[in-house]
Amino acid sequence: MAQHTKSTFTLNTGAKIPAIGLGTWQSKPNEVREAVKVALQRGYRHIDTALAYGNEGEVGQGIRDSGVPREEMWITTKLDNPWHHRVEEGITSSLKSLGVEYVDLYLMHWPSSTDPNDRKKHLPDWNFVKTWQEMQKLPASGRVKNIGVSNFGIRNLEILLNDPSCKIVPAVNQIELHPNCPSPKLLDYCKTKGIHCTAYSCLGSTDSPLYKDETLLKIAEAKGKTPQQVLLMWGLQRGTSVIPKSVTASRIEKNFELDGWELTPEEFQKLSSLPDRFKVCGDAWLPIKVFFGDDE
Ligand code: NAP
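Thresholds, definitions, all that
Residues numbered from 1 in each chain as written. Predicted model: local features only at pLDDT ≥ 70, side-chain atom pairs only at ≥ 80, totals over all residues. Heavy atoms only, no water. UniProt positions renumbered as here; feature names shortened; annotations may be inferred. Helix = DSSP H or I, 4+ residues; strand = E, 2+ residues; numbered from the N terminus. Contact = heavy atoms within 4.5 Å. Buried < 20%, exposed > 50% of the residue type's maximum accessible area, 1.4 Å probe, protein only. 1 Å grid on protein atoms, 1.4 Å probe; cavity = no way out; pocket = protein on both sides within 12 Å on 5 of 7 lines; lining within 4 Å. Points joined across faces, edges and corners; volume = space filled by probe spheres on them. Nonpolar A, V, L, I, M, F, W, Y, C, P; charged D, E, K, R; others polar.

With numbering aligned to this structure, UniProt lists the feature "site: Lowers pKa of active site Tyr" (unreviewed entry) at Lys-78. By the element assignment, Lys-78 lies in strand 4 (residues 74–79). Leaving out residues up to four positions away in the same chain, Lys-78 has contacts with Asp-48, Thr-49, Ala-50, Leu-51, Tyr-53, Tyr-106, Leu-107, His-109 and Gln-174.

Here is the structure:
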């Protein structure tokens, strides 16, 4: 049986991303520092943050509080939409806030370049292909070990990968994935392109409707596991890394109890066939549409 808490997925760069990480979106000030410390001391070796979460400073404090050496952990952060034409400034800001010399993974948070002066507008004369051209310069600097994307569906990945300026295939696509948003076509597509997928909102996010799902509850009860552990195991068995968010020490602990057991093929199949669909993170708040319903 796999020891998931110590396992990694190998990216197309050869780097190894820890299978389980701590998410930090919506972690309130004064909560996330402790959460990051608790997680790292418990054994998590992967922390996911973003400039847009406004918490990189506190995440950095939690990292230092933990006493875990920097080189033993994986840090992911993300370029915010209104910073697409300022990639250099964006990474400099993130590194400064985090208080680290480098990040392991730098993601383009969304394939949407927002005008910083009017967030309802798309930036004139700019697009995510140009953003990627700038991001491709980063690994050579040593301040970013791997670059990737987030919230890219098949249509936008095709645009990016087919552009002659694309010299580096994204190492990772971080996307919403849970049994009510399984996106099997997108997962298959990424696999054929050598792009690893990280599952965000892997528990269904805040007030997850999944926690009331009868199929999930029955499987969890039969296995003597929590519904959250079952959801995380489902994500891991699909070959995705998972980044559950919690600011509650007991949950951070429970969510990491993923060694020495797994879902049977039947259980896995049942969870892969839930009829309901929902997306926590849609694109209605962006100036352009980024999801086209072609990923399921
Ligand atoms: P999530 O991890 O699916 O769910 C988090 C919610 O579940 C929180 O309300 C948390 O509560 C609760 N929870 C966690 N463990 C639990 C447990 N064992 N029992 C009961 N409740 C539990 O949601 P998410 O934050 O949307 O996604 C995870 C991470 O993915 C984010 O934090 C972020 O790092 C990343 N993300 C990335 C993007 C992107 O655009 N790239 C978008 C969304 C998320 P407490 O915290 O109160 O314990």
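Buried residues dominate helix 8 (residues 227–237), accounting for 10 of its 11 residues. Residues of helix 8 that are buried include every one of Pro-227, Gln-228, Gln-229, Val-230, Leu-231, Leu-232, Met-233, Trp-234, Gly-235 and Leu-236, and no others. On its buried face, helix 8 is in contact with strand 1 (8–10), helix 7 (214–223), strand 11 (241–242), helix 9 (249–254) and helix 10 (265–272). Immediately downstream of helix 8, the backbone of Gly-239 shows phi near 85°, a positive value.

Turning to the environment of Cys-197, a few remarks are in order. By the secondary structure assignment, Cys-197 is in strand 10 (residues 196–200). Sequence spacing of Cys-197 and Ile-175 is 22 residues, and the spatial spacing of their C-alpha atoms is 6.9 Å. With residues near it in sequence (within four places) discarded, Cys-197 still touches Asn-173, Ile-175, Leu-177, Leu-187, Cys-190, Gly-239, Thr-240 and Ser-241.

In this numbering, the UniProt entry assigns the feature "binding site: substrate" (unreviewed entry) to His-109. For His-109, the position within the fold is in the loop between strand 5 (103–108) and strand 6 (114–115). Ignoring anything within four residues of it in the chain, the contact list for His-109 reads Ala-50, Ala-52, Tyr-53, Lys-78, Leu-79, Asn-81, Ser-150 and Asn-151.

For the rest of this paragraph, the subject is the layout of surface pockets. When its volume is computed, the largest pocket comes out at roughly 930 Å³. Trp-25, Gln-26, Ser-205, Thr-206 and Lys-245 are the residues nearest the centre of the largest pocket, which is lined by 41 residues in total. The residue makeup of the lining of the largest pocket, split by class, is 16 nonpolar, 17 polar and eight charged. In terms of lining residues, the second largest pocket is bounded by 18 residues, among which Leu-187, Lys-191, Ile-195, Arg-238 and Gly-239 are the most central. Put simply, the parts of the chain that give the lining of the second largest pocket at least two residues each are strand 1, helix 6 (184–193) and strand 10. Examining the composition of the lining of the second largest pocket, we find that five residues originate from one element, helix 6, more than from any other. Here the residues of the lining of the second largest pocket are counted per class, giving eight nonpolar, seven polar and three charged.

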